[in-house]
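Spelled out from the first residue to the last, the chains are:
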Amino acid sequence: MEDGEVSGTNHTHAETGYDPAYEWPGYTEVPQPTTVLNESLSSNFKPWSLLRLLVQTSSVLPRTQRLAVLDEHKEVQFGRDVVPAGSGTPRVRLKEMAVSKLHATMFWDAGRREWAVVDMGSKHGSFLRPGGYSGPTVSVGEDLGIRLSPSRVASFPRALKHKDALTIGSTTFVVHIHSDRISCEGCSSSGSGDNIIPLFPVSKGVKRAREEVGSIPSEERDAKKALTMLKRTLLSRHDTARSSASSQPSSYVDRSAKRRALFPSSPLDTPGLLSPRSDSPCVTSSGSVPMPETPAPPQPLPESNIGRQLLMKQGWQPGTALGSQENASGLVEPLEVSVTSNRSGLGMPEKAPTSSSGDWRESGKQKRWADMIDKK
């Protein structure tokens with residue numbers, strides 16, 4: 001009999017030492033994927049692959065910003081405008097006219113478990129070149145890859161692979177996708193983080209204040225002290241800006257000097273004194289007031305005057321009136337203008353003379369007495 005062979009078939013469990021409770025019951029439920037196990041083990045687990053964008057060429061991004069870190073985001077936008085206030089979706093801002101306000105979007109497709117890109121209907125389009133390209137920098141006129149959609153037409157989602165090149169405007173990004181969520185040497189950020197592209201707008205003043213607060217060693221950093229230093233930095237910068245604005249000389253323009261330079265013959269203006277009126281006589285430099293000029297007497301029209309020549313052709317003679325000469329009703333002298341009195345216009349009848357006293361109460365009494373006498 002060999003080792004492990006049962007000598008007979010009539011042995012009981014007590015004789016052999018076998019117990020059915022030790023049998024493996026089999027799978028009672030479907031085993032979960034390893035990703036779910038890893039997620040339960042780590043609170044920082046992300047179910048999507050690591051995505052980072054490395055800038056290959058750009059004419060709008062600063063030279064120091066060469067990496068877009070999207071470790072904590074499942075979606076990123078590309079556009080010319082700033083991300084709207086209160087939005088939690090990051091955006092890579094490319095400030096040039098070849099980029100639309102909202103140009104393209106990258107997102108994690110949970111159903112296909114892959115990253116995809118969509119052109120949002122831009123005018124100049126988005127171009128995708130397959131991965132593995134290690135040639136020189138792409139310039140204008142060279143092959144940019146496949147255009148995702150026609151102009152002003154949204155595209156279908158297109159899957160992204162590792163080392164694909166996405167061109168938007170004058171900027172080309174190299175896509176780095178790592179399923180193990182471990183960045184490679186090419187897409188690793190620097191220790192200070194200066195090469196990272198900002199995904200949300202940050203004001204310059206707050207950014208500088210944060211840099212100053214971040215320069216404090218971690219063992220000496222305190223939350224309250226950092227907040228106090230941040231407030232002091234912002235307030236001092238505001239006070240400095242106000243003092244510099246107030247210290248600037250006022251741009252006063254001496255308009256009187258300009259007028260005197262343009263018109264030397266005009267009367268001088270003395271500060272604190274009223275300028276002479278245009279209708280008042282001007283005082284000369286000698287101190288005498290010039291006498292007003294008397295108007296010259298009217299002169300007859302010269303013979304070269306066209307109006308006089310036309311009138312003489314119609315029978316008019318100098319010294320005679322205009323109009324019919326038969327009845328001699330023409331006027332030689334001009335009409336005299338009479339000034340109206342008591343605010344009455346032309347054609348108003350003359351008013352009855354008022355009483356010498358001019359008291360309206362007395363005149364009213366007299367009128368009432370006269371009415372009473374007439375009734376009796």
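Quick look at the structure, then. Since the structure is predicted, the reported quantities are computational estimates derived from the model, not experimental observations.

### Remarks on the overall build of the chain
Tallying secondary structure elements over the chain gives 7 helices and 11 strands in all. Looking at the chain residue by residue over its 376 residues, the buried ones come to 20%. Here the contacts in the chain between residues at least 6 apart in sequence split such that 55% fall between residues at least 24 apart. Put simply, the chain shows about 29500 Å² of open surface, and 55% of that area lies on carbon and sulfur atoms.

### Remarks on the sheet that holds strand 1 (residues 50-57)
Read from one edge to the other, the open sheet built from 6 strands follows the order 2-1-11-10-7-8, with strand pairing classed as antiparallel. Among the strands making up the open sheet, the edge pair consists of strand 2 (67-69) and strand 8 (146-147).

### Points about unusual backbone geometry
With phi around 55°, arginine 113 is a residue other than glycine that occupies positive phi space. Topologically, arginine 113 is positioned in the loop between strand 5 (104-109) and strand 6 (114-119). With a phi close to 55°, arginine 181 is a non-glycine residue in the positive phi region. Assignment of secondary structure puts arginine 181 in the loop between strand 11 (171-178) and helix 3 (204-214). The class of arginine 181 is partly exposed, set by a relative accessible area of 24%.

### As for the pattern of salt bridges
Inspection of the entire model under this criterion finds 2 salt bridges. When the shortest N-O distance is used, the salt bridge between arginine 52 and aspartate 71 registers 2.6 Å. One end of the pair, arginine 52, is in strand 1; the other, aspartate 71, is in the loop between strand 2 and strand 3 (75-79), and 19 residues separate them in sequence. Using a relative accessible area of 9% as the deciding quantity, one classes arginine 52 as buried. A salt bridge links aspartate 109 to arginine 112; the shortest N-O distance between them is 3.9 Å.

Definitions and limits used
- Residues numbered from 1 in each chain as written.
- Predicted model: local features only at pLDDT ≥ 70, side-chain atom pairs only at ≥ 80, totals over all residues.
- Heavy atoms only, no water.
- Helix = DSSP H or I, 4+ residues; strand = E, 2+ residues; numbered from the N terminus.
- Buried < 20%, exposed > 50% of the residue type's maximum accessible area, 1.4 Å probe, protein only.
- Contact = heavy atoms within 4.5 Å.
- Areas by Shrake-Rupley, 256 points an atom, 1.4 Å probe, with all protein chains shown as cover.
- Pairing = 2+ DSSP bridges.
- Salt bridge = Lys/Arg side-chain N within 4 Å of Asp/Glu carboxyl O.

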